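# Architecture and fold: a report
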Amino acid sequence: MSIQGVVAVVVHHRSYDTVGQTVTRLLAQGLDPADMIVIDNSEQPERRAQLRETIHDGVDIDFVENKGYAAAINVAIRHFRQRDLLPSFLLVATHETRPEPDAVRLLAEAMTLDSGAAVAGPTLVSGEDGEPFVWSTGGYIDRATHVPKHYDHRASMGVVAENAQPRVRRWLDGAFLLYRWSDIERHPLDERFFVYMEETDLHLRLGAAGRHALWVPSSVVWQSSGGVPPYYFARNIRLLLRKHGNAFQRVFAAPYLIGRRLLAGVVRSRSLAAITPTLRGAFERLPSDHVPDDRAGRPVIIINPLAAALAHYQKETIAVFDAARVPVSILSVLEPSQAGTGRIAWLRGVNGLYAEARKITRRDPRSRVLVLWPATGYFDLLLLAAHRLRGSVILHDPHPLVRAIGYGRLVRRVASTLCAKSVTLIALSRGAAAEITRDAGRIPVEILPHPILPIIEQSSTTHESASGTIRVLGQFKKDRDLGALAAISEALRGEFDLQIVGRGWPSVQGWSVDSRFADESELDELIQSSTAVVVPYRRFYQSGISIRCLEQGTAVVAPGQDFLVEILGEGAAGLVEGDARANWIDGVRRAIDAGPAPVITAAHKWHQTCLREWTKWANKA
């Protein structure tokens, strides 16, 4: 694939004079013909030969029934999904667009630099060649009516600075868009809109899932548009507000917007022609919320109430589902320490995640909910029941090592009574499962493997030149074994650089302590550059740091409890048996002597185990 893994679809409907030029301009951007498909929904068999003559020979054409813009893109997604090597990005272009040189490359570069962006769009211009004007620089949502509106619509070209940096937008115009493949494949377009506002709906859903849209000013694309036809404006604004608006907007704002648009159309055209289609769109029964989904596996709705703290765990979980071809939707909210809001606002946001999940399950009853961490302990199970959701909650710590609410005997008893038939608790180790089973009463408990990213293949060479640094990483908790660290320091501080990086750590003799939070990218760098990572717990159920070490091929030293024994194997180098301090020293030396090879082998096997077991979980009734 060319241009950093970009594939493209051109949606064509009866625009035979322009579509060939659109394809030619995309090829000039550096796209390979084999990475492009034209989806023709013109329903004019007599003109197919004419269309083929205008399209480059190496570009596929698929002739389909006209089910609208969204359906055409979903056909293209199914087409590219069949490849052994999936693309990184999907470019969507309509049949009349004309990208300026490097327009696609600039979008791809912006997406590569911004991992949170699910979709990027250019500065869309329109008008005659001599007098172009800005059509859109992305859009926003009106607070009162919730109607989508353009930024800079019909402004002069001078409003866009050539060197302006990409900016986050609520939504982007669908004429020319670059989607990250994992996002568009995970969140298909809603075909009920048929045409217009389906991209707005998608971008709002992506925003609710913690992703965002990106306007890239330096990328410029010309397009032609006649605006939204009266019928589709009236019908689709109702559908959009039903999905994303509140009760006031659905009951009052929709009729107001439709009436205002109708009046303006009649005055502007001095014709009554718009009345009939507008009224039909205003009063026609909206399509059902139950949307068919042809993707393999039952869709999974991930709820993450700690978007920052669980960013890597969420990434691991998604990677396992993606590899297993299980479709995923992500609903997340930042915790108060990252969002800068109070705890009450955060809890309202958490409840909003469950409300949004309920909307998704109404559209697709096959969907199942997976809560990555219960924000309020067993109260989260009651939230699931209150929103009439069936699903599973991952309990990482049966008895949390830090202060938490929702684990008392009374709430556990209530949850056991009300949620036993609708909620399952997931443990990530046998030890955790035993304690959860004792606490959860009648609520079913199942054991699933801790998700893991595919092993980084270059790890074996990375660690050949490791720096001689042994690190402890992560937040201080009361069950950290400071005695073990003291023993390691006494024996090894002359041979190795001993470092601790994590929030809340006290001074530890012989170790340099950097008591602060390390972000995701820095944590990966610290793991990669370590000769070994020590996980000094007296008691633990599972260890996210240990899993991250496996992903990087870094030796890990930790107590030989069931979680790591199952992953690394009985007697593996680095597993510490018993409480003797000398065993920790021996564990460090054995892990370093063994090197990364056994860690990498174990990581490969564990990844396959995760794929098998989580796929079974996603697909069972």
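Notes on the structure follow. Sequence order as written defines residue numbering, which begins from 1 separately in each chain. Two thresholds apply to this predicted model, a pLDDT of at least 70 for residue-level local features and 80 or more for giving and counting side-chain atom pairs, whereas whole-chain, interface and lining totals are computed over all residues. Hydrogens and water molecules were not included; the side-chain quantities draw on all heavy atoms of the structure.

A few words on the packing of aromatic side chains. When two rings of Phe, Tyr or Trp (its six-membered ring) have centres within 6.5 Å they constitute a pair, described as stacked for plane angles under 30 degrees, edge-to-face for angles over 60, and tilted for the intermediate range. As enumerated under the stated definition, the model contains 10 aromatic pairs in all. Seen in terms of ring centroids, Tyr-537 and Phe-540 are 5.7 Å apart; in terms of plane orientation they differ by 20°. Their pairing is stacked. The buried category is assigned to Tyr-537, whose relative accessible area is 9%. An aromatic cluster is defined as three or more aromatic residues linked by ring pairs; in this entry it consists of Phe-194, Tyr-231 and Tyr-232. Charge-over-ring placement is defined geometrically: NZ (Lys) or CZ (Arg) within 6 Å of the ring centre, and within 35 degrees of the ring normal. Over the aromatic face of Tyr-231 sits the side chain of Arg-280, whose NZ or CZ is 4.2 Å from the ring centroid. Just above the ring of Tyr-537 sits the side chain of Arg-480; from NZ or CZ to the centre is 4.5 Å. Partly exposed describes any residue whose relative accessible area lies between the buried limit of under 20% and the exposed limit of over 50%, with all areas from a 1.4 Å probe on protein chains only and scaled to the type maximum.

When DSSP locates at least two bridges between a pair of strands, those strands are taken to pair. Only DSSP runs of H or I covering at least 4 residues are called helices, and only runs of E covering at least 2 are called strands; the numbering of each starts at the N terminus. Taken together, six strands build an open sheet; the order of strands is β14-β13-β15-β16-β17-β18 and the sheet is parallel. Each of the sheet's edge strands pairs with one partner strand only, and the pair in question is β14 (328-332) and β18 (445-447). Going from strand to strand, the sheet's axes swing by 25° on average, the running direction of each strand aside. Every axis corresponds to a line fitted to the C-alpha atoms, with the helix fit spanning only the stretch in contact, and the corresponding angles, defined between N-to-C directions, vary from 0 to 180 degrees.

To continue, consider the pattern of salt bridges. A pair is scored as a salt bridge if a Lys or Arg side-chain nitrogen falls within 4 Å of a carboxyl oxygen belonging to Asp or Glu. Taken as a whole and assessed by the stated rule, the structure comprises 22 salt bridges. The salt bridge involving Asp-190 is made with Lys-243; its shortest N-O contact spans 2.8 Å. Of the two residues, Asp-190 sits in the loop between α5 (181-186) and α6 (198-208) while Lys-243 sits in helix α7 (residues 230-244), which places them 53 residues apart along the sequence. Relative accessible area serves as the criterion here: at 3%, Asp-190 is assigned to the buried category. Among the salt bridges present, the one from Lys-616 reaches Glu-613, with a minimum N-O distance of 3.8 Å. Taken as a pair, Lys-616 and Glu-613 lie in helix α22 (residues 597-619) at a separation of three residues, close to a single helical turn.

Cavities and pockets are found on a 1 Å grid laid over the protein atoms alone: a cavity is a set of points where a 1.4 Å probe fits but cannot escape, a pocket is an open set with protein on both sides within 12 Å along at least five of seven lines, and a lining residue has an atom within 4 Å of such a point. Grid points are joined across faces, edges and corners, and a volume is the space filled by probe spheres set on the points. Enumeration over the complete set of coordinates arrives at one cavity of 30 Å³ or more. Of the pockets and cavities examined, the largest cavity occupies roughly 30 Å³. Lining the largest cavity we find Gly-121, Pro-122, Leu-124, Ser-136, Gly-138, Leu-172, Asp-173, Phe-176 and Leu-177. At the level of secondary structure, the elements contributing two or more residues to the lining of the largest cavity comprise β6 (117-126) and β11 (176-180). The greatest single-element share of the lining of the largest cavity, amounting to three residues, is contributed by β6. The class makeup of the residues in the lining of the largest cavity is five nonpolar, three polar and one charged. The nonpolar class holds Ala, Val, Leu, Ile, Met, Phe, Trp, Tyr, Cys and Pro. Asp, Glu, Lys and Arg form the charged class, and all remaining residues, Gly among them, are polar.

Among the nonpolar cores identified, the biggest contains 85 residues, and Phe-321, Leu-370, Tyr-378, Leu-381, Leu-425, Trp-614 and Trp-617 are the most heavily contacted of them. Sort the elements by how many residues they give to this core and α22 lands first, with 10 residues. Ignoring any residue separated from it by four or fewer positions in sequence, one finds Leu-381 in contact with Val-393, Ala-415, Cys-419, Val-423, Leu-425 and Ile-443. For our purposes a nonpolar core is just a set of buried Ala, Val, Leu, Ile, Met, Phe, Trp, Tyr and Cys residues, chained together by side-chain atoms within 4.5 Å. Counting residues in hydrophobic clusters, the runner-up holds 37 residues, among them Leu-26, Leu-27, Ile-55 and Val-59. The contact definition used throughout considers only heavy atoms, calling two residues in contact when any of these lie within 4.5 Å.

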